[in-house]
Amino acid sequence: MDERRKFSRILFATNAHLQQGVAQWETTILDLSLNGALVEEPQNFIHSGDAITLSFILPESDIEIRMETELVHQKNAQLGLKCNFIDVDSISHLKRMVELNLGDASLLNRELMLFIEKHNIAD
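Reading the values: rules and limits
Residues numbered from 1 in each chain as written. Predicted model: local features only at pLDDT ≥ 70, side-chain atom pairs only at ≥ 80, totals over all residues. Heavy atoms only, no water. pLDDT = per-residue confidence, 0-100. Helix = DSSP H or I, 4+ residues; strand = E, 2+ residues; numbered from the N terminus. Phe/Tyr/Trp six-rings, centres within 6.5 Å; stacked < 30°, edge-to-face > 60°. Buried < 20%, exposed > 50% of the residue type's maximum accessible area, 1.4 Å probe, protein only. Core = buried A, V, L, I, M, F, W, Y, C linked by side-chain atoms within 4.5 Å. Contact = heavy atoms within 4.5 Å. Pairing = 2+ DSSP bridges.

A. How the structure looks around the confidence of the model for the chain. For the chain, the average pLDDT comes to 84, and 78% of its residues sit at 70 or higher. Mean pLDDT per element in the chain: helix α2 (residues 105-118) is the minimum at 65, and strand β4 (residues 52-57) is the maximum at 96.

B. Highlighting the packing of aromatic side chains. One pass over the full model with this rule turns up 2 aromatic pairs. Their ring planes at 55° and their centres at 5.8 Å tell us that Phe12 and Phe56 sit as a pair that is tilted. Separated by 44 residues along the polypeptide, Phe12 in strand β1 (residues 10-20) and Phe56 in strand β4 bring together distant segments of the chain. Overall, Phe12 belongs to the buried group, its relative accessible area being 14%.

C. Expanded view of the nonpolar core. In terms of nonpolar packing, the biggest core is built from 26 residues, with Leu32, Leu54 and Leu94 touching the most fellow members. Elements with a contribution of two residues or more to this core: β1, β2 (23-33), β3 (36-40), β4, β5 (64-75), β6 (78-86) and α1 (88-102). Beyond its immediate chain neighbours, meaning those up to four positions away, Leu94 contacts Leu32, Ser33, Leu34, Ile65, Met67 and Ile86.

D. Layout of the pairing of β6. With 5 bridges joining them, β3 and β6 adopt antiparallel strand pairing. Paired with Val39 across the strands is Leu79, a residue of β6. Sheet analysis places β5 next to β6, joined by 8 bridges and oriented antiparallel. Directly across from Glu70, in β6, lies its bridge partner Lys82.

Quick look at the structure:
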């Protein structure tokens, strides 16, 4: 296991959309954390170095989660995306998803505090 990982991942397979500048791709999310996502590498994906917006609709709802990410690794036909910005509504829904899947409120609270600290979010 990667000792640098500080955020628990939850398995979450759903269709998603990536956008980088004017380029757009459809993909599938493989797993999520409060700090990013692992997605399938779309066909014809070319990384320009710019931020990548990841967005997806929660299954059986009309709730969209959007986050601005950066590519941290690209291997085995997968992209590792680190969250650099996420709006309040999206993080609220993502927090609830993680909470339901982890079943450990203390672990979630620790991760949420780490997320807030890493992203310089004021109280």
